[in-house]
Amino acid sequence: MKNKLLAKLEIKKNIIWLASYPKSGNTWFRSFMTALKNEGKLYINELKTEGIFSDKLLLESYLDIDADELFAPQIDHFKRVALNYQSSISEEKIFIKIHDMYSTSEFDIRPIVPDESTFAAIYFIRNPLDVTISMANHNGQTLDQVIDKVITNPQAIISKNIKYLNDQFPQWIGTWNNHVTSWKQSDSFPVYFLRYEDMKQNPLVTFTEILNKIGYVSSEFEIRRALEAVKFENLQQQELKFGFKEKPVNSKLFFNKGEIGQWKEKLNKSQIKKIKQINEPMMREFGYWED
């Protein structure tokens with residue numbers, strides 16, 4: 001097993017987590033980083049980031065084991081081993097997407113992500129009222145289904161079956177408020193919060209600032225070029241022409257609208273009240289509370 005090699009490697013702090021509740025700008029940023037690394041060229045089915053935390057195939061390829069043969073609590077341990085190995089063999093920072101809450105493992109009471117190989121996390125945060133609408137389109141669900149089963153559900157999970165999943169481990173996301181809180185309370189590494197609304201309304205300043213925080217050196221010209229490549233209409237045109245491999249079967253379009261404030265027209269008073277009752281603390285803290 002390859003994890004025996006890990007003991008001989010120096011564990012490097014190379015991982016930058018791209019953390020978010022689903023439909024909050026994570027894929028947009030991954031597209032931006034791809035265009036930035038690729039001199040402004042972008043093919044949405046070839047994103048140049050290093051996978052997702054829940055990827056079964058990544059664990060299996062690094063450790064040469066069958067993930068379906070692991071007991072559920074063991075998975076957290078072997079994920080950390082694989083990620084430490086991935087970080088240690090990399091010559092540069094690696095960007096890994098994660099939708100899981102920041103939590104501790106039942107297996108060994110350690111954080112589910114490997115703190116020892118983590119450099120920082122970028123947390124993409126978006127108004128949960130708009131997240132609800134975007135997620136309904138993404139999942140092929142009604143607004144009420146998303147509100148009751150996801151946004152306000154402390155037990156909300158992506159991919160519930162633990163055994164014999166196709167390529168993903170389950171991802172516990174909980175309520176929007178609990179998810180944000182979990183990453184905000186992490187004190188083992190820096191967590192930089194990036195509001196989706198700022199990404200949309202002031203992209204040059206917002207993307208430049210986050211690159212500076214993680215020490216990623218790029219010129220203004222390179223950043224502008226990458227931002228041009230990832231304009232929403234450009235991403236949508238590519239999806240319409242080539243499809244997007246990350247789009248769920250029940251979703252019409254992955255890059256659907258990406259607008260700010262859709263909730264004002266599409267959610268009724270009862271739906272808004274339900275979302276706000278459960279998610280009030282972090283909505284207030286990040287400027288999403290409107291009386």
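Everything here concerns the structure above.
Residues numbered from 1 in each chain as written. Predicted model: local features only at pLDDT ≥ 70, side-chain atom pairs only at ≥ 80, totals over all residues. Heavy atoms only, no water.

Caption draft 1: Region of interest: the overall build of the chain. A tally of regular secondary structure across the chain gives 13 helices and six strands. Taking all 291 residues of the chain together, 52% fall into the buried category. Restricting the contact set of the chain to residue pairs at least 6 apart, pairs at least 24 apart contribute 73%. Counting only carbon and sulfur atoms, one obtains 50% of the accessible surface of the chain, whose full area is about 14,200 Å². (Helix = DSSP H or I, 4+ residues; strand = E, 2+ residues; numbered from the N terminus. Buried < 20%, exposed > 50% of the residue type's maximum accessible area, 1.4 Å probe, protein only. Contact = heavy atoms within 4.5 Å. Areas by Shrake-Rupley, 256 points an atom, 1.4 Å probe, with all protein chains shown as cover.)

Caption draft 2: Representation of the packing of helix 7 (residues 176-184) against helix 13 (residues 269-285). Relative orientation of the contacting elements helix 7 and helix 13 amounts to 50°, with a least axis distance of 7 Å. The orientation of helix 7 relative to helix 13 falls into the category oblique. Like other packed secondary-structure pairs, helix 7 and helix 13 cross with a definite hand, here left-handed. Contacts between helix 7 and helix 13 involve Trp176, Asn177, Val180, Thr181 and Lys184 on the former and, on the latter, Ile278, Asn279, Glu280, Pro281, Met282, Met283 and Glu285. (Axes fitted to C-alpha atoms, helices over the stretch in contact; angles between N-to-C directions. Parallel < 35°, antiparallel > 145°, perpendicular 65-115°, else oblique. Left-handed = near helix turned anticlockwise from the far one by under 90°.)

Caption draft 3: Geometry of the nonpolar core. Formed by 39 residues in total, the largest nonpolar core has its most connected members in Trp17, Tyr21, Val113, Tyr123, Trp176, Trp183 and Phe189. Those elements giving two or more residues to this core turn out to be strand 1 (15-20), strand 2 (94-98), strand 3 (118-125), helix 5 (128-139), helix 6 (143-151), helix 7 and helix 13. The element contributing the most residues to this core is helix 5, with five residues. The residues touching Tyr123, leaving out its near neighbours within four places in the chain, are Ala19, Ser20, Tyr21, His179, Val180, Trp183, Val191, Tyr192, Phe193 and Leu194. (Core = buried A, V, L, I, M, F, W, Y, C linked by side-chain atoms within 4.5 Å.)

Caption draft 4: Region of the structure containing the pattern of salt bridges. Overall, the coordinates contain eleven salt bridges when judged by the stated rule. We note a salt bridge from Asp198 to Arg195, for which the minimum N-O separation is 3.2 Å. Looking at Arg195, the relative accessible area reads 22%, which means it is partly exposed. (Salt bridge = Lys/Arg side-chain N within 4 Å of Asp/Glu carboxyl O.)

Caption draft 5: Seen up close, empty space enclosed by the protein. Considering all chains together, one arrives at two cavities of 30 Å³ or more under this definition. Of the volumes computed, that of the largest cavity is approximately 50 Å³. Along the walls of the largest cavity sit Ile52, Phe53, Asp55, Leu58, Leu59, Lys79, Ala82 and Leu83, which together make up its complete lining. Secondary structure elements with two or more residues in the lining of the largest cavity: helix 3 (56-63) and helix 4 (72-88). Here the lining of the largest cavity is built from residues that sort into six nonpolar, no polar and two charged. (1 Å grid on protein atoms, 1.4 Å probe; cavity = no way out; pocket = protein on both sides within 12 Å on 5 of 7 lines; lining within 4 Å. Points joined across faces, edges and corners; volume = space filled by probe spheres on them. Nonpolar A, V, L, I, M, F, W, Y, C, P; charged D, E, K, R; others polar.)

These values are about where atoms sit, not about what they do.
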